[in-house]
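# Notes for the structure review
Residues per chain are reported as follows:
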Amino acid sequence: MEENVKLEKKGPSRLLLIARIWSVVVIAIGVFIFAGYIANFFTTGVTDPYAAENYPFIENIPPFFSFICIIGLALAWKWKLIGGWIAIIFSAANYVIFFIHWPLTENINFLYAPYGINTLLLVPGILFVLYWRKAHKLQNNL
């Protein structure tokens, strides 16, 4: 009986460990990308000198939502539920934009990156919310 209680308490802590490791990797990659844009802006005067001109405005929204997801994952270290939901909501909004603007019926080889990167942002958000739920449920049972 005592082993069951120990296993129940270990489950949420393992979930939190996985969520934190995953979010650290995502946050680090986001910081490197953001730092690259900042460094490029200060050295060349533009953030991306190879960007195409006159592209649709909707193409600016997914990177912005991804940045908000990264902020949500950083907030999830302190506030699991709020940060996790921020990451989930903005990642889901990215999927909606992807499905409308870049449907899977187009050349799928070019869509692995946006859909895959968005999944990398979504999973730790889900893990943080699941951890909060399991920890809250375990706390209420005690």
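You'll find the structure just up there.
Here we take up the side chain of S66. For S66, the location among the structural elements is in helix α2 (residues 61–75). Judged by relative accessible area, which is 16%, S66 ranks as buried. Those residues in contact with S66 that sit more than four places away from it in its chain are N94 and L121.

When you line up the elements, V129 lands in helix α4 (residues 112–141). As a C-alpha pair, V129 and A76 span 53 residues in sequence and 8.9 Å in three-dimensional space. The residues touching V129, leaving out its near neighbours within four places in the chain, are L81, G84, W85 and I88.

With that settled, the discussion passes to a nonpolar patch on the surface. A cluster of nonpolar side chains, contributed by F34, I38, F41, F42, F67, I71, L75, W79 and I82, occupies part of the molecular surface with about 900 Å² of accessible area. Those elements that provide at least two residues to the nonpolar patch are α1 (2–44) and α2. The dominant element in the nonpolar patch, judged by the number of residues it contributes, is α1, at four residues. Considering the arrangement of structural elements, one finds I71 in helix α2. On the basis of relative accessibility, which here comes to 39%, the residue I71 falls in the partly exposed class.

As a further point, take the nonpolar core. The biggest cluster of nonpolar side chains holds 14 residues, and the ones touching the most others in it are V26, I70, L73, L121 and F128. If you tally residues by element for this core, the top one is α1, at five residues.

Moving on, we get to the packing of α2 against α4. The angle between the axes and the distance between the axes are what describe a pair of packed helices. Close contact between α2 and α4 brings their axes to 10 Å; oriented N to C, the two are set at 30°. Classified by the angle their axes make, α2 and α4 are roughly parallel. The handedness of the crossing between α2 and α4 comes out as left-handed. Between α2 and α4, the contacting residues are S66, C69, I70 and L73 on the first element and L121, P124, G125 and F128 on the second.

Turning next to the packing of aromatic side chains. The way to describe two aromatic rings as a pair is by their centre distance and the angle between their planes. Per the counting criterion, the structure on display carries nine aromatic pairs. Put simply, the rings of Y95, F98, F99, W102 and Y115 touch in pairs and so form one group of aromatic residues.

What counts, and at which threshold
Residues numbered from 1 in each chain as written. Predicted model: local features only at pLDDT ≥ 70, side-chain atom pairs only at ≥ 80, totals over all residues. Heavy atoms only, no water. Helix = DSSP H or I, 4+ residues; strand = E, 2+ residues; numbered from the N terminus. Buried < 20%, exposed > 50% of the residue type's maximum accessible area, 1.4 Å probe, protein only. Contact = heavy atoms within 4.5 Å. Patch = residues over 30% accessible without salt bridge, like charges linked within 9 Å, V, L, I, M, F, W, Y side chains within 5 Å. Areas by Shrake-Rupley, 256 points an atom, 1.4 Å probe, with all protein chains shown as cover. Salt bridge = Lys/Arg side-chain N within 4 Å of Asp/Glu carboxyl O. Core = buried A, V, L, I, M, F, W, Y, C linked by side-chain atoms within 4.5 Å. Axes fitted to C-alpha atoms, helices over the stretch in contact; angles between N-to-C directions. Parallel < 35°, antiparallel > 145°, perpendicular 65-115°, else oblique. Left-handed = near helix turned anticlockwise from the far one by under 90°. Phe/Tyr/Trp six-rings, centres within 6.5 Å; stacked < 30°, edge-to-face > 60°.

Coordinates in, geometry out; function isn't part of it.
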